[in-house]
Amino acid sequence: MKFNLRARLTAEFFGTAFLVAAVVGSGIMGERLAGGNVAIALLANTIATGAALAALILTFGPISGAHLNPAVTLADAIEHGILWPEAGAYIFVQCVGGAAGAIIAHLMFGLRWYSFSSHSRHGGALVLSEFVATFGLLSVIWGCSRLRTGAVPFAVASYITAAYWFTASTSFANPAVTIARCLSDTFAGIRPSDVPLFIVAQIAGALSATLLFRWLVPNLPSHAEEILVPHSRT
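The rules behind each value
Residues numbered from 1 in each chain as written. Predicted model: local features only at pLDDT ≥ 70, side-chain atom pairs only at ≥ 80, totals over all residues. Heavy atoms only, no water. Helix = DSSP H or I, 4+ residues; strand = E, 2+ residues; numbered from the N terminus. Rg over C-alpha atoms; globule rule 2.2 N^0.38 Å. Buried < 20%, exposed > 50% of the residue type's maximum accessible area, 1.4 Å probe, protein only. Contact = heavy atoms within 4.5 Å. Areas by Shrake-Rupley, 256 points an atom, 1.4 Å probe, with all protein chains shown as cover. Lys, Arg positive; Asp, Glu negative; His and termini not counted. Charge placed at Lys NZ, Arg CZ, Asp CG, Glu CD. Core = buried A, V, L, I, M, F, W, Y, C linked by side-chain atoms within 4.5 Å. Patch = residues over 30% accessible without salt bridge, like charges linked within 9 Å, V, L, I, M, F, W, Y side chains within 5 Å. Salt bridge = Lys/Arg side-chain N within 4 Å of Asp/Glu carboxyl O. Polar contact = N/O pair within 3.5 Å; in protein donor to acceptor, adjacent residues only side chain to side chain.

Asks: Go over the overall build of the chain with me, naming the residues and quoting the values.
Replies: Assigned secondary structure in the chain consists of nine helices and zero strands. Along the chain, helices and strands appear, N-terminal first, in the series α-α-α-α-α-α-α-α-α. Over its C-alpha atoms the chain spans a radius of gyration of 17 Å, differing by no more than 12% from the 17 Å that the globule rule assigns to 234 residues. In terms of overall dimensions, the chain has a C-alpha envelope of 55 × 35 × 30 Å along the principal axes. The 234 residues of the chain split such that 50% are buried. Taking as baseline every contact in the chain between residues at least 6 positions apart, the subset at least 24 positions apart corresponds to 76%. Just so you have it, the chain exposes about 10,900 Å², and 72% of that area is on carbon and sulfur atoms. Of the side chains in the chain, 12 bear a positive and 10 a negative charge, and the two mean positions are spaced by 2 Å.

Structure follows, in structure tokens:
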């Protein structure tokens with residue numbers, strides 16, 4: 001079923017809002033309950049984010065593709081999966097939805113509706129981490145979407161769960177989420193001045209992975225998907 005643009009944008013807005021609410025809210029809850037143990041707080045943040053991501057992709061994927069991420073939308077537009085004007089609309093509602101998710105998380109925990117983060121995340125190691133995190137995320141998306149379509153929600157959620165721990169930046173890998181997190185002076189926050197380089201690294205990682213998979217696994221004809229994933233259609 002092909003959904004109209006309004007429905008798809010609504011799905012992207014709410015999907016990204018819920019994703020950020022999960023990231024920020026679980027960070028607040030984890031920090032409050034961890035008793036100063038940062039590892040426990042990060043573990044709580046990781047589990048909640050990964051679980052929410054799988055659920056959100058399963059929920060909104062059939063409607064909008066569940067990009068929930070401007071880097072994913074940009075890569076999809078480059079590969080002609082979405083028209084450029086629609087991609088611009090997707091990116092706008094993702095960013096607005098992300099900000100809304102941060103605000104909702106604050107209100108749920110009785111905090112001021114926004115607070116610019118003072119959490120410093122700068123330096124070459126963290127910028128490299130964001131490149132690696134987003135490169136890996138887009139690699140998982142392209143590889144699974146072209147060869148194992150039904151595995152995408154679980155593969156993406158698993159990858160992000162792991163990347164929280166193997167990247168120094170804790171794997172933001174999403175410009176909309178990065179912008180939203182600068183509005184939250186909590187465990188998950190990022191200082192506004194650190195946002196631009198994170199986003200540059202994320203876009204670079206997404207584009208690099210897209211170019212790699214354009215060569216590794218070129219877009220398959222529609223009938224090929226049925227051969228590779230015979231259970232994907234009923």
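Don't stop here, the text continues.
Asks: Hey, could you go over the environment of Ile-190 for me, with residue numbers and the actual values?
Replies: Relative to the helices and strands, Ile-190 resides in the loop between helix 7 (175-181) and helix 8 (195-216). Expressed as a C-alpha distance, the spacing of Ile-190 and Phe-116, which sit 74 residues apart in the sequence, is 8.4 Å. Excluding residues within four positions of it along the chain, Ile-190 makes contact with Ser-117, His-119, Arg-121, Phe-172, Thr-178, Arg-181, Cys-182, Val-195 and Phe-198.

Asks: Run through the nonpolar core, naming residues and quoting values.
Replies: Membership of the largest hydrophobic core comes to 45 residues, with the highest contact counts inside it found for Leu-19, Leu-53, Leu-137, Leu-138, Val-156 and Ile-160. Taken together, the elements giving at least two residues each to this core come down to helix 1 (5-33), helix 2 (38-64), helix 3 (70-78), helix 4 (84-108), helix 5 (124-147), helix 6 (152-166), helix 7 and helix 8. If near-sequence neighbours (up to four positions away) are discounted, Leu-19 is found in contact with Thr-49, Leu-53, Leu-56, Leu-68, Asn-174 and Val-177. Residues Ala-99, Leu-126, Leu-183 and Ile-190 belong to the second largest nonpolar core, which totals eight residues.

Asks: Can you break down a nonpolar patch on the surface residue by residue, with the values?
Replies: A surface patch of nonpolar side chains, amounting to about 400 Å² of accessible area, comprises Ile-40, Leu-43, Ile-47 and Trp-165. With respect to the element layout, Trp-165 can be found in helix 6.

Asks: Tell me about the environment of Thr-149, and name the residues and values.
Replies: Mapped onto the secondary structure, Thr-149 falls in the loop between helix 5 and helix 6. Relative accessible area serves as the criterion here: at 28%, Thr-149 is assigned to the partly exposed category. Of note is the side chain of Thr-149, whose polar atom sits 3.4 Å from the backbone oxygen of Ser-145.

Asks: Please set out unusual backbone geometry residue by residue, giving values where relevant.
Replies: Of note, the phi angle at Ala-66 is positive, near 50 degrees, even though the residue is not glycine. Position of Ala-66 relative to the elements: it lies in the loop between helix 2 and helix 3. Positive phi, close to 55 degrees, is recorded for Ala-173, a residue that is not glycine. Within the secondary structure layout, Ala-173 lies in the loop between helix 6 and helix 7.

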